[in-house]
Amino acid sequence: DTGVSQDPRHKITKRGQNVTFRCDPISEHNRLYWYRQTLGQGPEFLTYFQNEAQLEKSRLLSDRFSAERPKGSFSTLEIQRTEQGDSAMYLCASSNRDRVLEQYFGPGTRLTVT
Amino acid sequence: RKEVEQDPGPFNVPEGATVAFNCTYSNSASQSFFWYRQDCRKEPKLLMSVYSSGNEDGRFTAQLNRASQYISLLIRDSKLSDSATYLCVVNMRNDYKLSFGAGTTVTVRA
């Protein structure tokens, strides 16, 4: 399967714990995006990488959130001190340099904070 | 005001019918437009880009009206497999993030 992959697919955690999600983009894609989607809403942009550089962060991304993309390959999204309001589907997408707006999404990580 | 607004539906249509729905966007500087499809508890998938002159992809036709700031999607000869949520997506000039509407749900019944 050469699509975007995400791990884990589901995560249940207690409030206050830290969680980390991983995204592996399509191999030839140099751009990687994180979005968050809650029930009944469309995905909301969180952050974006071009290669290893994080070029933009949404105001939704509080200081409890951090994302990295070492070596410009896979990316991780960490949430520290999780809150119940962090419960959502976290989606990763990637695109290539020629068609940057055609973003291909992974299956997402569904986070439940209890 | 939300950047992208859609009628949530649901649009319940019989197999073979035509269904159409719009979305409106608030920022006149929006440059690129897309329709994505999302099945229940799955990831969004790009359905089609929307071009200024309107475009067609099989049974799907997309139109853009810049003056009124809306885009539309029409599905002809609906199939059961067309049942999904359709997300309207816009992009600003010189920006790489996508702004999604909340989606329009379409249910095609036999």
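This structure is a prediction, so every number in the text was calculated from the model and none was measured.

A.B. asks: Outline the overall build of chain A, supporting the account with residue identities and numerical values.
C.D. replies: Check the secondary structure of chain A and you find 0 helices and 11 strands. Shown N-terminal to C-terminal, the secondary structure of chain A runs as helices and strands in the order β-β-β-β-β-β-β-β-β-β-β. The C-alpha radius of gyration computed for chain A amounts to 13 Å, which stays within 12% of the reference 13 Å derived for 114 residues, consistent with globular compactness. Counting only C-alpha atoms and orienting by the principal axes, one finds that chain A spans roughly 40 × 25 × 25 Å. Within chain A, the fraction of its 114 residues that count as buried is 49%. Here the analysis covers contacts within chain A between residues at least 6 apart in sequence; of these, 54% occur between residues at least 24 apart. In the structure as shown, chain A presents an accessible area of about 5900 Å², 43% of it carried by carbon and sulfur atoms. Where the 16 positive side-chain charges of chain A centre and where its 14 negative ones centre are 4 Å apart.

A.B. asks: Describe the environment of A:Ile79, and please don't skip the residues or the numbers.
C.D. replies: Residues and elements named next belong to chain A. Relative to the helices and strands, Ile-79 resides in strand β8 (residues 75-79). Along the primary structure Ile-79 and Thr-20 are separated by 59 residues, whereas in three dimensions their C-alpha atoms are 6.4 Å apart. Residues in contact with Ile-79, not counting those within four places in the same chain, are Gln-17, Asn-18, Val-19, Phe-21, Arg-64, Phe-65, Asp-86, Tyr-90 and Leu-111.

A.B. asks: Explain the pattern of salt bridges residue by residue, including any values.
C.D. replies: All names here are of chain A. Enumeration over the complete set of coordinates arrives at 9 salt bridges over all chains. Among the ionic pairs, Arg-99 bridges to Glu-102, the shortest N-O distance being 2.8 Å. Each of Arg-64, Glu-83 and Asp-86 takes part in one network of salt bridges that share partners.

A.B. asks: Tell me what's going on with the pairing of strand β9 (residues 84-92) of chain B, and back it up with residues and numbers.
C.D. replies: Residues and elements named next belong to chain B. Among the 9 residues in β9, 8 count as buried, and that is most of the element. Bridge count for strand β4 (residues 30-38) against β9 is 8 bridges, and the pairing is antiparallel. Its bridge partner lying in β9, Ser-32 is registered against Asn-91. Counted between consecutive antiparallel strands, the loop separating β9 from strand β10 (residues 99-100) contains 6 residues, among which Asn-94 sits at a positive phi close to 60 degrees.

Parameters at a glance
- Sequence order sets the numbering: in each chain, residues are counted from 1 along the sequence as written.
- Chain letters start at A and ligand numbers start at 1, both assigned in the order the entries are written.
- Totals for whole chains, interfaces and linings use all residues, but because this is a predicted model, local features are given only for residues with pLDDT of at least 70 and pairs of side-chain atoms are given and counted only at 80 or more.
- Side-chain descriptors were evaluated using all non-hydrogen atoms of the structure, hydrogens and water having been removed beforehand.
- Helix and strand labels come from DSSP, where a helix needs a run of H or I of at least four residues and a strand needs a run of E of at least two; each type is numbered from the N terminus.
- Two things to know: the radius of gyration comes from C-alpha atoms, and the globule rule equals 2.2 Å times the number of residues to the power 0.38.
- Relative accessible area decides the class of each residue, using a 1.4 Å probe on protein chains only: under 20% of the type maximum gives buried, over 50% gives exposed, and in between gives partly exposed.
- We call two residues contacting when some pair of their heavy atoms lies within 4.5 Å.
- To be clear on the numbers: accessible area is Shrake-Rupley with a 1.4 Å probe, and residue cover counts the displayed protein chains and nothing else.
- Residues scored as positive are Lys and Arg, those scored as negative are Asp and Glu, and His as well as the terminal groups of each chain are ignored.
- One atom stands in for each charge, and that atom is NZ of Lys, CZ of Arg, CG of Asp or CD of Glu.
- Counted as salt bridges are all cases of a side-chain nitrogen of Lys or Arg within 4 Å of a carboxyl oxygen of Asp or Glu.
- Pairing between two strands requires that DSSP report at least two bridges joining them.

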